[in-house]
Structure formats: C-alpha cells, structure tokens
Amino acid sequence: MKILVCISKSPDTTSKIAFTDGNSKFDENGVQYIVNPYDEWYALVRGLELKETLGGTVTIVTVGRVEDDSVIRKALAIGADEAVRIDADTKDAYYTAMQIAEYAKSNGFDLILTGKETINYNGSQVAGMIAESLNMPFVSLATKLEVSGTKATLDKEYLGGIQTVEAELPLVVSCAKGMAEQRIPNMRGIMAARTKPLTVVPAASVEEFTSFETYTTPAGKSACKMIDPNNMDELVALLHNEAKVI
Amino acid sequence: MSILVYINGNHGIGKNAFEAVTYGKKLGDVTVVTNGAIDEGSLASLGVYGASKVLVDSTLANADDQQLTNLVANAAASVGAKTIIFSHDHVAKNVAPRLSVKLKAGLVSGAIAAPAADGTIKVNVFSGKAFGNVKVNTDTKIISLLPNSIQPEESGSACSVEQFSGNAGDAKVKVTATKQPEGDIPLPEAELVVSAGRGLKGPENWGMVEDLAKALGAATACSRPVADIGWRPHHEHVGQTGVAIRPNLYIAAGISGAIQHLAGVNGSKVIVVINTDAEAPFFKAADYGILGDAFEVLPRLTEAVKKFKASNN
C-alpha cells in the first residue's frame, strides 16, 4: 500500500503569538517550528502503523522552502520512507492543496492522510480540497482507521458522538485524536532521517482564493473575581445577574 | 443578493442552524438547503430567522461528502447564490473544502463575524489565540461560521418548504453505525460546559461533575491527561489537540490551565475555575475563581444551582 502523509509546520504549542509589519505577518521572532501535532501524532503515526502491519511505503509531503527541511527531518525521524518538499512559499489552503494534489495525481497513492487541521490556521480545508481535486472520497475528523484489502473502515467524529463508515481505497482521511498514540523518535530514527531521500519538486502555478490581510490578538481578561468556596449561592447569583449565562 | 445556507438537519434543527440563517440574512435573501427526513414544521420555522424558503432533498439521508457537495452546488446554481454559508461543524469540515474546489470559491472557515466594510471576514486563528481578517479573491464565496459566534435573531415568520432533487449521485462513503452519547448534549454545541481534570483523582469521582452538569443542563468535558489515561472518552477532551469549544459558561474543576488547554476553551464567554492551587495559571484566564477543593466545592455548587433553579421556576 502506498501512503501519502501531508504535513505542515506550526509554531510550538507554547509559542507567544504576535504579529509584525502593521499586524499583517506572523512574528517568527523566537518561534520554534514543529510538525503540526495533528499531522504528526495522528496522521503520520497511523500511516506508519498501517505500513508495519500491511506492508508498503509512507511518503511525507509538505509545501515549503529550504528552511523547512529541519521540520521534515523531524517527521522522517519518526519513521517514514521518504519525503517530498514542493518548493513554494505557503499561501492559502487552496494553494497548498492544489500543489499536493498535483504531486499525488501522478504517483498513485492508495491513502492520503492529513491532520484534522493545523494549530495555526485551524482551517480544516486542505484534505477535502485534495479529495475533490483527485475525485476521491474523503472522511474527515477520523478517530480510527483500519484497512483490509481495498476497503477502509473508519470511525469519525459526528455531533459529539462517533459514526462508523466504510469506503473503498483510494481515500483521503483527516485524522483526529484517538487515531494513534504519539511516538517519540529514538536515536536510530534521528540518525536514519539524515540520509533518507528528501526530494524537492517545483511548484505548480496556482491562484490564491483567499488571503489574510491583518491579524489582531484578543483583549486581555480583566482580573479574576475570587469567590468564597463556602458561598456557592454567591457564584450562582453572579452567573445569573452579572454574567447572565444561567 | 441571493445567499444559500446549508443546514445539517440529521439530528433536528438547532441553534447552529438559527445562527447560520441569521448570518445569511445580514448579507441578502436567504435560501436554505438541507437533506434527510426532517420534520417540515421545524424547517419552516427557519423563516423566523430570516429564510425566504427551504429546499430539502428528503431522499438523501446519511449522505457522504461528495453527495452533499453536489447537493449544495446544484442548489447554489438553481437560486443563483454567490455566497454559501455553513455552520462550522463536522459536516461543514467534510463538505465546504470540496465545494470550494468544485465552484472555484474561496473558503473562509471559522468565521466569527459578518464581513467588515472592506469585505474582509474575521476568523479565529492560532487556536483562539488570535484573529485574522480574510479577504476572498473569488466571485463565489463560502463562509463557515463558528458556532456560538453570533446571536440568532428573529426577523420573520414561517417560510415555504420545497422538495429539491440534489442529483447527488451514489454514496462512496457508507455509514454503518452512529453512536450518539445517550441523552447527553453534544459538546461542540453546548452553551454550558462542566469540565474536570486530574484534580478529580479518578474516574469514579466523575459523578459529582455529572451531577453539576445535570443540574445546569450542561455538557461534560475533560482535560487531555484525563482522556489519555482513559478516565473519560476522547470526544470529551477539550484543548488544542482535542475539541475547541465556545460555550457561554465553562466551569473547570481540578484543571491547572496549561496553554494547550486554554487554546480549546478561550472562546468561552465566562470561565469559572475551581482549583486548590492559587498559582494555577487557569485563574489568569478566569472570570470567577474559587480557591478550594473540587470534592467540596462541586457538590456545594450543585446544591446552589438546584436551589436557584427551584426558586426560578
């Protein structure tokens, strides 16, 4: 089975979020980039598990520049066979999805996995766009994925509950919590990642559908009002009269 | 201007649908498209929030992503809509990106406000730690509205409901089972949420969390460690890598408030934190804080809520 795992870089989850250039650009000053957790913990690890039980290959793909190679090596250290970087600045989700679809079109993947969203843009767009472009079925927010022959059985998030679905490969899946357990790369993996193939392919010409013009950060909260732990009637009264939420 | 709003009515028409129609009404003349066997009266009631008519393909139940994409695309063509609105739920995440490619329409996901004077749309980014203002460069636009971002507004009366053939084709993704948490309120839609973390010491102590949730009519949630060690199911995990929620009230007991947890709940209107540790970072993000033991405070709060409910009925 040929598995493609799409990864994105994202700022470390503890990064300070600030903006520069008249609030039009994310301030990368002091920001450490990691593999987007949904892509790494769920999509990549489940891809590797399927390869380990069913055989095949796992290819990592990302859209980015040479400075993103360190993030790709981090993902390779966890265990994929090879990586592909489509050489372009990241733009909107459509641009990214069309680059990946263009690459995937000529490479016959059985399964294309992504995280359910990135933790920086939270769009949940790329996987569905790839699926439409390649005319493949798409299962979003999957929490479980089993493959038997050419048939996939999945659990997916559904209205606070879970839905079980079946689909034939090839298939695009966006992966959510529950899909797999995070793997910590070991020293052998980190060493091996240095020499695994990382192919750079040129970008296709694609328009941008949307663009982020400016950013703002939320106003800070006013000081927390402390309530006597013995006086829960006071809290209920405040929630009713002051906060007006009950 | 003709606006199309897609409503997922598989589990009844609720607040998310009213919000999406209200949002559409601010932009133009709203047609709703939906699918499945939905009671006609509740569809007609969408007129109260500003819908002019509802198109329903009642033959299309348990539709997959490609069928729904076809349904919405065909409905948009039939009413000449250049703006399509979804509520940003699991169905929107499944369908809106496909539709974006099919219609060559820019997709704005996680919108939290109506388009500004310059046409940009405000969205949640960086897991709730920032907002972005997005410009759409295409003629046709798709906006996926984050639940609980705007208040539903009543502006009309019941509207007509027409059968619509979505020409959706066959399902390639087949639903074999659906498990809804029994009798519970789905977490992503809940207006009130009671959540607890490792401070509760074990799954056997969740009864007091459920008691408070029941008294309030709230959904229950938990922190990541609690889901990871299996005290609670994964779908209850709120935070950066779990579910992001925006309830009116979020009550957190025995959760320290790590930045990753806050990312999933900082859209909440009011946050109440119960913790024994005065240094817990969650107090900095809270509106009301209780420095105390959840084992004592939660039952006390449940009693206070019951007393309040009894005197208000």
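Remember, predicted model here, so these are calculated numbers, not experimental data.

Enquirer: Is there a simple way to think about the sheet that holds strand β13 (residues 249–253) of chain B in this case?
Expert: Two strands in a sheet stick together by hydrogen bonds in their backbones, pointing the same way (parallel) or opposite ways (antiparallel). Strand order in this open sheet of six strands is β15(A)-β15(B)-β14(B)-β13(B)-β11(B)-β12(B), and the pairing throughout is parallel. Looking along the sheet, the strands with just one partner apiece sit at the ends: β15 (225–226) of chain A together with β12 (219–222) of chain B. Packed on one face of the sheet, helix α5 (residues 207–216) of chain B meets β11 (192–196), β12 and β13 of chain B and runs near 175° to β11 of chain B.

Enquirer: Looking at this structure, how should I read the environment of G199 of chain B?
Expert: Residues and elements named next belong to chain B. Positionally, G199 belongs in the loop between β11 and α5. Judged by C-beta crowding, with 21 C-beta atoms within 10 Å, G199 ranks as buried. Counting along the chain gives 75 residues from G199 to I274, while the straight-line C-alpha distance between them is 9.8 Å. Ignoring anything within four residues of it in the chain, the contact list for G199 reads A253, G254, I255, N275 and A294.

Enquirer: Even after reading the chapter, I still don't get the domain arrangement of chain B, so can you show me in this structure?
Expert: By a widely used convention, the size of an interface equals the accessible area lost when the partners come together. All names here are of chain B. Partitioning chain B into domains gives domain 1 (2–163) and domain 2 (187–312). Just the C-alpha atoms count here: the centres of domain 1 and domain 2 sit 31 Å apart. Facing 11 residues of domain 1, the contacting portion of domain 2 comprises nine residues. The residue makeup of the side of domain 1 that touches domain 2, split by class, is two nonpolar, six polar and three charged.

Enquirer: When you look at helix α3 (residues 93–105) of chain A in this model, what are you seeing that I'm missing?
Expert: An α-helical segment advances 3.6 residues per turn. Residues three or four places apart therefore align on the same side. With 13 residues, α3 of chain A ought to run about 18 Å at 1.5 Å a step, and its terminal C-alpha atoms sit 18 Å apart, in line with that. Of all 13 residues making up α3 of chain A, 11 are buried, and the element is well covered by its neighbours.

Conventions used here
Residues numbered from 1 in each chain as written. Chains lettered and ligands numbered in written order. Predicted model: local features only at pLDDT ≥ 70, side-chain atom pairs only at ≥ 80, totals over all residues. Pairing = 2+ DSSP bridges. Helix = DSSP H or I, 4+ residues; strand = E, 2+ residues; numbered from the N terminus. Contact = placed C-beta atoms within 7 Å. Axes fitted to C-alpha atoms, helices over the stretch in contact; angles between N-to-C directions. Buried ≥ 20, exposed ≤ 12 C-beta atoms within 10 Å, placed from the backbone. Domains from an automatic or database assignment. Nonpolar A, V, L, I, M, F, W, Y, C, P; charged D, E, K, R; others polar. Expected span 1.5 Å × (residues − 1).

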